[in-house]
Protein chains: 2
Amino acid sequence: MLYLIGLGLGDKTDITIKGLELIKKSKRVYLESYTSIYCQDDRNDLETFYGCEIIPADREFVELNSDEILLNADNEDVAFLVVGDPLGATTHADLILRAKEKRIPYRLVHNASIINACGCCGLQLYNFGEVVSIPLWTETWRPTSFVDKINSNLKRGLHTLCLLDIKVKEQSIEAMMKGRKEYEPPRFMTINIAAKQLLDSLKELQCNQDDLQENNLLLTEETLCVALARVGSEKQLIRKSSLKNLLEIDMGPPLHSLIIVGRLHHIESEMLKLFD
Amino acid sequence: MLYLIGLGLGDKTDITIKGLELIKKSKRVYLESYTSIYCQDDRNDLETFYGCEIIPADREFVELNSDEILLNADNEDVAFLVVGDPLGATTHADLILRAKEKRIPYRLVHNASIINACGCCGLQLYNFGEVVSIPLWTETWRPTSFVDKINSNLKRGLHTLCLLDIKVKEQSIEAMMKGRKEYEPPRFMTINIAAKQLLDSLKELQCNQDDLQENNLLLTEETLCVALARVGSEKQLIRKSSLKNLLEIDMGPPLHSLIIVGRLHHIESEMLKLFD
């Protein structure tokens, strides 16, 4: 059996009893390390806590070595651990499909993900629209499509959870061209970078006034935002601020997430005051 | 300290290690029983598993007796347990605000909720729009506003998670008028009732053709849906069907949830085939 087990968001004690029991009876345990990370515990801490060896699985490993992960999983138990909930990222749907091809049964063990835990700031999950991913811009690649989605949500009065990019074990273009297995240091998008990209996108969209739809006017530098860092951990931090002022805010170490606030209901306003 | 602890969705082993440790050190433990339920384990099972007494807390209790729940919580630990994630329902924001008034510190222990666990059907959480609640209609109260929200999502190609109504310990109108503390048996909206209300709403909206906006044409009786039952438990069931055919589907005991499918991406189509 292939177990895809969510680890939750904070630290090693955020695993469920069910998840821990399944890890203990698994023959091999993999830890996916490229869609999210714990902010406190690393692989060594987890090995001690679970009492077993953990095989790190980066994107390349999962994409190229899924046969190895699934080896004998029709006869023995294999655990694939994911920080958050196991089905937040498309890649793991891929692993399930490969298991199915090989007639290997699978089971999901759910846990909290930022998609629901972002409710910790007091905004109601019922009032969120489509989730948005903000990718780290490069010198030559500066997409702004996330602004359209945020505006569509704002038009309906809905909040937007923005997931900020994570780059773990990415090859530099130079290394790729030279065919070298050299990787850049991990990068986690901060709230500041996210705010900068959003503000730059707004400027760019305002330059193309002719293309401007009614939609595009909703997000402004004054829009209320909630900055979240290390949600679910003891070092969690929640701050509210205008988009503009997020440029200067210091949210500390990763992971950061950002909420663009839509229409506030009374109880949401009261809850947000907790973070004044 | 007031701990609001999510229990996850399936059974007693879906609690996190962190949550269980905090329950064990709490002086009093309440179980909220009106926004969601476990499909397998009841309060007795939980008492045995946690090794402590659990005080049931229905809506009336939480709304009227929050002082009792918070009693001495500035000096001792009190746990308030919620199936799913602790901040899915507004009522618990209320409890936090009351704690804050009394200068009682609180802490959230997150867990899976249907909001993220619905990804088990293979639809990507990134492709969901606003969540919709479908209330049980009465003879005189038949709101159809959920159709507007579903249509707004469909217009953008997004899926809609529909949360189906739960009525636990509700007074009948007769009992209310007589001032009697008599309650109706618990009712959980099935997929069949949800489909019936959606189809009836469509008929009603089509009768008012003049008010019809472009939006209102998107949801039809042929729209693809995914029916979910008992998500996260061993008795989980996932079926796909047109809205029309949901009228006849048998999803078994509660809880049920419904997804109205928007634009399918390739990997989502592949994943949905798992449930053919």
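Residues numbered from 1 in each chain as written. Chains lettered and ligands numbered in written order. Predicted model: local features only at pLDDT ≥ 70, side-chain atom pairs only at ≥ 80, totals over all residues. Heavy atoms only, no water.

Here is the rule: UniProt positions are given in the numbering used here, feature names are shortened, and annotations may be inferred rather than shown by experiment.
Per an unreviewed UniProt entry, chain A goes by the name diphthine methyl ester synthase and belongs to Sarcoptes scabiei. You can read under Function (unreviewed entry) in the UniProt record for chain A the words "S-adenosyl-L-methionine-dependent methyltransferase that catalyzes four methylations of the modified target histidine residue in translation elongation factor 2 (EF-2), to form an intermediate called diphthine methyl ester. The four successive methylation reactions represent the second step of diphthamide biosynthesis." UniProt annotates chain A under Pathway (unreviewed entry) with the comment "Protein modification; peptidyl-diphthamide biosynthesis."

### Some words on the packing of helix α7 (residues 145-155) of chain B against helix α9 (residues 191-207) of chain B
All names here are of chain B. As a reminder of what qualifies: Under this scheme, a helix contributes an axis fitted over its contacting stretch, all axes are lines through C-alpha atoms, and angles between N-to-C directions fall in the 0 to 180 degree range. Put simply, DSSP H or I for four residues or longer makes a helix, DSSP E for two residues or longer makes a strand, and each gets a number counted from the N terminus. In this scheme, roughly parallel covers angles under 35 degrees and roughly antiparallel covers those over 145, while 65 to 115 is roughly perpendicular and the rest are oblique. We call two residues contacting when some pair of their heavy atoms lies within 4.5 Å. Classes in brief: Ala, Val, Leu, Ile, Met, Phe, Trp, Tyr, Cys and Pro nonpolar; Asp, Glu, Lys and Arg charged; the others, Gly included, polar.
The geometry of α7 relative to α9 is characterised by a closest axis approach of 9 Å and an angle of 90° between their N-to-C directions. One finds that α7 runs roughly perpendicular with respect to α9. Here α7 contributes Phe146, Val147 and Ile150 to the contact with α9, which in turn contributes Gln197, Leu198, Ser201, Leu202 and Leu205. Its residues assigned to classes, the contact of α7 with α9 comprises 6 nonpolar, 2 polar and no charged.

### Re the pattern of salt bridges
Under the convention used in this document: A pairing counts as a salt bridge when a side-chain nitrogen of Lys or Arg comes within 4 Å of a carboxyl oxygen of Asp or Glu. Accessible area is worked out with a 1.4 Å probe on protein chains only. A residue is then buried under 20% of its type maximum, exposed over 50%, and partly exposed in between.
For the structure shown, the criterion picks out 33 salt bridges over all chains. Across the pair Arg43 of chain A and Glu47 of chain A runs a salt bridge whose closest N-O atoms are separated by 3.8 Å. Of this pair, Arg43 of chain A and Glu47 of chain A are both found in helix α2 (residues 43-50), 4 residues apart, which corresponds to roughly one turn of the helix. By relative accessible area, Arg43 of chain A is classed as partly exposed at 33%. One salt bridge connects Asp41 of chain B with Lys12 of chain B, and the closest N-O pair in it is separated by 3.8 Å. In this pair, Asp41 of chain B sits in the loop between β2 (28-32) and α2 (43-50) while Lys12 of chain B sits in the loop between β1 (2-6) and α1 (17-24), placing the two residues 29 residues apart along the sequence. A residue is classified by how much of its surface remains accessible, and Asp41 of chain B, at 13% relative accessible area, is buried. Looking at Lys12 of chain B, the relative accessible area reads 24%, which means it is partly exposed. In this structure, a network of salt bridges that share partners links the residues Arg142, Lys196, Asp200 and Glu204 of chain B.

### Examining the relation of the copies chain B and chain A
As a reminder of what qualifies: Alignment of the copies relies on least squares applied to C-alpha atoms, considering only residues that score at least 70 for pLDDT in both.
The transformation that overlays chain B on chain A combines an axial shift of 0.0 Å with a rotation of 180°, and the residual RMSD is 0.0 Å. The transformation relating the two chain copies, once decomposed into turn and shift, fits a two-fold axis. Taken as a fraction of all interface residues of chain B, those also at the interface in chain A reach 100%, which identifies the copy contact as same-surface.

### Notes on the packing of aromatic side chains
All names here are of chain A. Put simply, the test is: Stacked, tilted and edge-to-face are the three classes assigned to paired rings of Phe, Tyr and Trp, where Trp is represented by its six-membered ring and a pair needs centres within 6.5 Å; plane angles under 30 degrees give stacked, over 60 edge-to-face, the rest tilted.
Counted by the stated rule, this structure contains 4 aromatic pairs over all chains. Consider the rings of Tyr30 and Phe61, whose centres lie 5.9 Å apart with planes at 35°: the pair is tilted. Note that Tyr30 is positioned in strand β2 (residues 28-32) and Phe61 in helix α3 (residues 59-64), a separation of 31 residues in sequence. Of the two residues, Tyr30 and Phe61, neither departs from the other in class, the shared state being buried.

### Observations concerning the UniProt feature "binding site: S-adenosyl-L-methionine" (unreviewed entry) in chain A
Summarizing the sequence annotation, UniProt attributes the feature "binding site: S-adenosyl-L-methionine" (unreviewed entry) to Leu9, Asp85, Gly88, Ser113, Ile114, Leu164, Val231 and His256 of chain A in the numbering used throughout. Residue placement: Ser113 of chain A occurs in the loop between β5 (106-109) and α6 (114-117). Given a relative accessible area of 8%, Ser113 of chain A falls into the buried group. Non-local contacts of Ser113 of chain A, meaning those with residues more than four positions away in its chain, are made with Leu9, Gly84 and Asp85 of chain A together with Asn116 of chain B. Looking at where Ile114 of chain A falls in the secondary structure, it is placed in helix α6. Apart from residues lying up to four places away in sequence, Ile114 of chain A is in contact with Leu9, Leu161, Leu163, Val231 and Ser257 of chain A.

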